[in-house]
Amino acid sequence: MSSTIFDFVGGTSGEWEVLKMTTLKGDSLSEITHIDKISSSLVRGNEGIWTLKGIISNLRYTEKAEKEKLIAIQEDLGRPSASRAAFIPLRKSDEWWNLAQDERRKIMEESSKHTQTGLKYLPAIARKLFHSRDIGEAFDFLTWFEYAPSDEEAFEELLYALRKTEEWTYVDREVDMRLLKG
Ligand code: HEM
């Protein structure tokens, strides 16, 4: 069975070198120079300056037609050309979590067009979402993106668009780390 639990270990050695770390909202994380993404377990922790744990889970909001579009064009992590990555842990407010499922879906898609906008950047940007909230972590989500250096500008444009949406008004902690494959 493929692994579903990962530790993102921030420290002074690892596969990914940190080019830039920016705290957009809420508390920052301690400075690090490298990140390792390691297959792990719920009980096991990894050394480092900090470790963030996340789980690959089922989709919550994606509808069938969207899922089919995503599957048809998205690419996997680990492409040799994708020497750049972004690791962006996020937390959403209690206000968000107190909404009902259909209200959250409405904000994400009808208002914020998260998937619709994101789809325009596939397959250039490969992505993976890790859930952390249900295992009591400091962040709710750990997001990971991989792309070629030539697609960096497109990735910035995507982030700019998403951060202006109604969905992002519920984000209360966000740290953006840009990485280079070592
Ligand atoms: C969730 C697509 C980029 C952050 C989702 C979901 C989809 C999606 C379909 C819903 C998953 C579900 O049904 O549970 C995309 C596509 C992108 C993209 C195609 C293009 C590259 C981004 C970016 C960020 C981001 C740049 C910023 C860090 C998130 C977060 C969630 C999410 C935090 C979870 C939201 C929640 O459950 O409340 N994305 N996304 N995504 N995405 Fe994106």
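Each chain has its residues counted from 1, following the order in which its sequence is written. Thresholds applied to this predicted model are a pLDDT of at least 70 for local features of residues and 80 or more for the giving and counting of side-chain atom pairs; totals over whole chains, interfaces and linings are not thresholded and use all residues. Hydrogens and water molecules were not included; the side-chain quantities draw on all heavy atoms of the structure.

Under the annotation held in an unreviewed UniProt entry, the protein chain carries the name Chlorite dismutase and is attributed to Flavobacterium glycines.

(A) Inspection of the pattern of salt bridges at higher detail. For this analysis, a salt bridge means a side-chain nitrogen from Lys or Arg found within 4 Å of a carboxyl oxygen belonging to Asp or Glu. By the definition in use, this model includes 15 salt bridges. The closest approach of N and O atoms between Glu66 and Arg105, which form a salt bridge, is 2.9 Å. Remark: Arg105 occurs in helix 3 (residues 101–111) and Glu66 occurs in helix 1 (residues 64–73); sequence separation between them is 39 residues. Per residue, the accessibility class of Glu66 equals that of Arg105, and both read buried. Across the pair Lys92 and Glu167 runs a salt bridge whose closest N-O atoms are separated by 2.7 Å. With Lys92 in strand 5 (residues 84–92) and Glu167 in the loop between helix 5 (152–163) and strand 8 (171–181), this pair connects stretches of sequence that are 75 residues apart. Taking relative accessible area as the criterion, Glu167 reaches 3% and is therefore assigned buried. Taken together, the shared-partner salt bridges connect Glu156, Arg163, Glu174, Asp176 and Arg178 into one network. The helix count covers DSSP runs of H or I at least four residues long, the strand count covers runs of E at least two residues long, and both are numbered beginning at the N terminus. Residue burial is assigned from relative accessible area. The probe radius is 1.4 Å, only protein chains are included, and a residue is buried under 20% of its type maximum, exposed over 50%, and partly exposed in between.

(B) Quick peek at the coordination of the iron atom of the ligand. Note that water is not among the atoms considered, so a metal site may appear incomplete; the donors listed are N, O and S atoms within 2.8 Å of the metal, with 3.2 Å applied to Na, K and Ca. There is one protein donor for the iron atom of the ligand, and it is His114 (NE2), at 2.1 Å. Considering the arrangement of structural elements, one finds His114 in helix 4 (residues 114–119).

(C) Focus on the site of the ligand. Taken together, 26 residues surround the ligand, and among them Arg60, Tyr61, Thr62, Lys92 and His114 come closest. N or O atoms within 3.5 Å of each other form a polar contact, as long as, within protein, one can give a hydrogen and the other can take it, and as long as residues adjacent in sequence are counted only when both atoms are side-chain atoms. Here an oxygen atom of the ligand sits 2.6 Å away from a polar atom, N or O, in the side chain of Thr62. Class assignment of the residues belonging to the shell around the ligand gives a composition of 17 nonpolar, 5 polar and 4 charged. We call a residue near a molecule or strand whenever a single non-hydrogen atom of that residue lies within 4 Å of it. By the convention adopted, Pro, Cys, Tyr, Trp, Phe, Met, Ile, Leu, Val and Ala count as nonpolar, Lys, Arg, Asp and Glu as charged, and the other residues, Gly among them, as polar.

(D) Local environment of the nonpolar core. Formed by 19 residues in total, the largest nonpolar core has its most connected members in Leu29, Ile35, Trp50, Phe87, Trp144, Met177 and Leu179. Secondary-structure elements contributing two or more residues to this core are strand 1 (5–11), strand 2 (16–25), strand 4 (50–55), strand 5, strand 7 (141–147) and strand 8. In this analysis, two residues are considered to be in contact whenever any of their non-hydrogen atoms come within 4.5 Å of each other. Look past the residues within four positions of Leu179 in its chain and what remains in contact with it is Trp16, Glu17, Val18, Leu19, Ile35, Ser83, Arg84, Ala85, Phe87 and Trp144. Here, the term nonpolar core denotes a set of buried Ala, Val, Leu, Ile, Met, Phe, Trp, Tyr and Cys residues that are joined through side-chain atoms within 4.5 Å. Residues Ile88, Leu90, Leu159 and Val171 belong to the second largest nonpolar core, which totals 13 residues.

(E) Inspection of the pairing of strand 2 at higher detail. With 2 bridges connecting them, strand 2 and strand 3 (residues 34–39) associate as antiparallel partners. In the strand pairing of strand 3, Trp16 is matched with Ile35. Pairing of strand 2 with strand 8 involves 8 bridges; the strand directions are antiparallel. Considered in strand 8, the bridge of Lys25 is made with Glu174. At least two bridges found by DSSP between two strands is the condition for calling them paired.

(F) Inspection of the side chain of Glu109 at higher detail. Relative to the helices and strands, Glu109 resides in helix 3. A residue counts as positive if it is Lys or Arg and as negative if it is Asp or Glu; His and the chain ends are not included. Comment: no salt bridge for buried Glu109; closest opposite-charge side chain is Arg105, at 4.9 Å. Aside from chain neighbours lying at most four places away, what touches Glu109 is Glu66, His114, Thr115 and Gln116.

(G) Highlighting the packing of aromatic side chains. Each aromatic pair joins two rings of Phe, Tyr and Trp (for Trp, the six-membered one) with centres within 6.5 Å, and gets the label stacked for planes under 30 degrees apart, edge-to-face for over 60, and tilted for any other angle. Using the criterion set out here, one finds 10 aromatic pairs in the structure. On the basis of an interplanar angle of 25° and a centroid distance of 4.8 Å, the ring pair of Tyr147 and Phe155 is categorised as stacked. Each member of the pair, Tyr147 together with Phe155, is buried. Among the aromatic residues, those joined into a cluster by ring pairs are Phe6, Phe8, Trp16, Phe87, Phe130 and Trp144. Positioned over the ring face of Trp144 is Lys37, at 5.7 Å from the centre of the ring. By definition, being over a ring means that NZ of Lys or CZ of Arg is both within 6 Å of the ring centre and within 35 degrees of the ring normal.

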